[in-house]
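# Report on the structure
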Amino acid sequence: MKLVKEEVQDQLKKGQKPQRMTGAHAIIQSLLAESVDLIFGYPGGAIMPVYDALYDYQDVLKHVLTRHEQGAIHAAQGFARVGVKPGIVLATSGPGATNLITGLADAKIDSTPLVCITGQVGSQLLGTDAFQETDIISISMPVTKWNHQVTKAEEIPDAIAKAFHIATSGRPGPVLIDITKDAQFAELDFLYKKCKGFRSYIPIPKLKQESIDQAASLIDVAKKPLILFGQGVILSQAEQVFKKFVEKTGIPAAWTILGLSALPTEHPLNVGMLGMHGNYGPNKLTNEADLLIAIGMRFDDRVTGKLETYGKNAKVIHIEIDPAEINKNVFADVAVLADARDALLALLDKVSPNEHIEWHDQFKKHMALEVEKVISKELNPEKDGLTMGEVVKRVNDVTKGNGIVVTDVGQHQMIGCRYAKFSQSKSNVTSGGLGTMGFCLPAALGAKLARPDREVIAIIGDGGFQMTIQELGAIFQTKAAVKIIILNNQFLGMVRQWQQLFFDKRYSSTELVNPDFITIAKGFGIEGKTVSERSSLEADIARMFEHNGPYLLEVMVDKEDNVFPMVPTGACVSEVRLD
C-alpha cells in the first residue's frame, strides 16, 4: 500500500511512539527523517527488500535508476556538490557494491558528503564466499570517512543517523553502511533520533584566538601576500565573508579547481587558477610572494609542483578544518585549525585595510603576457580549426556566468576551468583529486536534479564520454534538461599532449576511433548535432540552449591542440611554460 506525503510526515512527528516495522522500511523511514527526497541507485538481490519497501513511498521519495552503480555514485556527487543535501546511493552486494569504489574514492578526496547503503548476503552466510558476497567494509575502508556493517534490524536507525552526521559535519565525505539481507527482513520497534555528536569525534576544531592574532600580524606586514583558496570556502559557506576579507586586505586571490566559483571569476582581485595548467601570474609569482594564505585547500601536488622549491620566500598561513592536512605537504608558520568561515570572521576584524597596488600590477603584467601568448589564440583563433576555448567562450556568452559547468577529466577540463565564467558559488563541478574519467555525464545529471532552476552544461571529452555513455539512458528516463557538449579531438587529449611533449610524439594507444555520438544520443531520445565550422558555432550553441530538454552538441576541435600554460611534472611552479 502506497503512503502519501501527509501520512509519512505524521509518522515522523516528534514524540511518536516506536512503530513495529521491517528493517527495510526502517531504512526508508530513517532517510525520510533526514529530509531525503531523492536517491540514486541500482537494485539487486541483496538490497531487494529495501527496493520493495521503497515501492510504498513513491509519492515522497524519488528514485533515479542509473544504468551502472558508478553512474549512481557520480550522480549523487553532482547532486551534493551543487545542492544543500548529501547524495544518497543504494546498491546491492558484491559487484554492485564494488562498482561504488571509484566514486567513493573520488568523493573522499574531494570532500563530498555521500551516504551509501549497500545490501549484503544474510549474516549466516558472511565469510562463506556466498553468491555476490564481497567484504565491502574492508575494501571501502580507505576510501570512506566512516563505514559500518549492520547485521541486526534494531541497529539500523542509529547507524543511519550516525552516517548522516559524519558525512555532513566538519570536513564532509562519503560514508557506507552495509546491511545484511536478514536485517532488512527482520522487524524492530522503530524510533529515529538524529545524531548530534558522539564521543571522540570532533568535526569542527575549536578556533584558537592566538593563531588568529598571529595570522593577522603576518597579513598586516606582508608586502607581497597571495591568497590560495580552495573548496573549503564553499563547504563552510564562507563565500560572503571571504569576499569581504579579500576586498578589505586587497590581497590577490588565486583558486584551486575545486575552489573555483567561491569568488566571482570577474572580481578584480581574482587573479586566476593555480597549478599545472593554471594562470601564468599565480604560478610565476608564488615564489616571489612573502606570504601565502591558504584557505580550505590541501596543497595538492598539482598546485605546488616541486615541493622543495615551492613558496621559498614566503611565510605560510594555513586555514584548514582537517588537522591531517596541516604540515602534510607544506609547513605552516601559522596553522589556523578551524572552519574557514569561523576563521575568516575572526580575521576580518583584526586585519588592516590595504590595496597592494604595485603587487597587483605584477599580476596584470603576467596576465597581459598570457593573453598575448595563449588566451587570445585560444579564445579568438585565426586558424581554421575550432579550439576548445572558443567553445567555452560561446557558452559564457549565453550563460552570463550563471550556469553550472560540469567537466570530466583531461584537456577539456583544464580549458573549462580556465575559461568558464561564474558569478555565483557552487557552479563548477569536476573531479579534482582523483581525476576520474567518466565522472561528468552522471554528475551533470545529479547537478540538474538538485538545481532544476539553473542551466547545467556538461563539457566532456570524447574519451571520458564513452566511459559512462550508458547514463544517457538515465538522462532520458528522468528528462533532465542537461546540455551536453562533447569536445571531440579524436584523442585521449591530455595523455597525447604528454606523449607529444615528453615522449617524443610516440602516440601509443591514445587515438580514438569514435562511434556516431549523435545517432547514439537519438537512440536515447536525445536531440543533437555535430558542428565543425566556426561559422555555425554560435548559432548551434544558441539552438542547444533554446531546446526544451536534454541536448548533445558534438564539436569537432583540432586534434593536436595543447593546453597551456603548463608546469611540467616535477618542475617548480615558477618554471611554468607558455608554449
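Residues numbered from 1 in each chain as written. Predicted model: local features only at pLDDT ≥ 70, side-chain atom pairs only at ≥ 80, totals over all residues. Heavy atoms only, no water.

Read across the open sheet, the six strands follow the order β16-β15-β17-β18-β20-β19; overall the sheet is parallel. Each of the sheet's edge strands pairs with one partner strand only, and the pair in question is β16 (428–429) and β19 (527–531). When strand β18 (residues 483–488) meets strand β20 (residues 551–556), the two strands line up parallel, connected through six bridges. Within the sheet, the bridge partner assigned to N488 lies in β20 and is M556. On top of the sheet, helix α19 (residues 440–450) reaches β15 (404–407), β17 (456–461) and β18; it is set at about 175° to β17, its chief contact. Contacts from helix α24 (residues 534–546) reach β17, β18, β19 and β20 within the one sheet, and its direction differs from that of β20 by about 165°. (Pairing = 2+ DSSP bridges. Helix = DSSP H or I, 4+ residues; strand = E, 2+ residues; numbered from the N terminus. Contact = heavy atoms within 4.5 Å. Axes fitted to C-alpha atoms, helices over the stretch in contact; angles between N-to-C directions.)

Time to look at the packing of aromatic side chains. The final tally for this structure, using the stated rule, is nine aromatic pairs. Where W359 meets F363, the ring centres are 5.0 Å apart and the plane angle is 80°; that geometry is what we call edge-to-face. With W359 and F363 both in helix α16 (residues 357–379) and four residues apart, the pair spans about one turn of that helix. Judged by relative accessible area, which is 5%, F363 ranks as buried. Measuring from centroid to centroid gives 5.7 Å for F491 and Y507, while their planes differ by 70°, and the two rings are edge-to-face. Of the two residues, F491 is situated in the loop between β18 and α22 (493–502) and Y507 in the loop between α22 and α23 (517–523); the sequence distance between them amounts to 16 residues. Positioned over the ring face of F198 is K162, at 4.6 Å from the centre of the ring. (Phe/Tyr/Trp six-rings, centres within 6.5 Å; stacked < 30°, edge-to-face > 60°. Buried < 20%, exposed > 50% of the residue type's maximum accessible area, 1.4 Å probe, protein only. Lys NZ or Arg CZ within 6 Å of the ring centre and 35° of its normal.)

For the coordinates displayed, the defined rule picks out 20 salt bridges. D300 is the salt-bridge partner of R298, the closest N and O atoms lying 3.5 Å from each other. Each member of the pair, R298 as well as D300, is classed as buried. Among the salt bridges present, the one from E538 reaches R394, with a minimum N-O distance of 3.7 Å. On the criterion of sequence distance, the pair formed by E538 in helix α24 and R394 in helix α17 (residues 388–399) is long-range, its members being 144 residues apart. In this structure R394 comes out as partly exposed when scored by relative accessible area, which is 30%. Counted as one network, the salt bridges with shared partners bring together R171, D322, E325 and K328. (Salt bridge = Lys/Arg side-chain N within 4 Å of Asp/Glu carboxyl O.)

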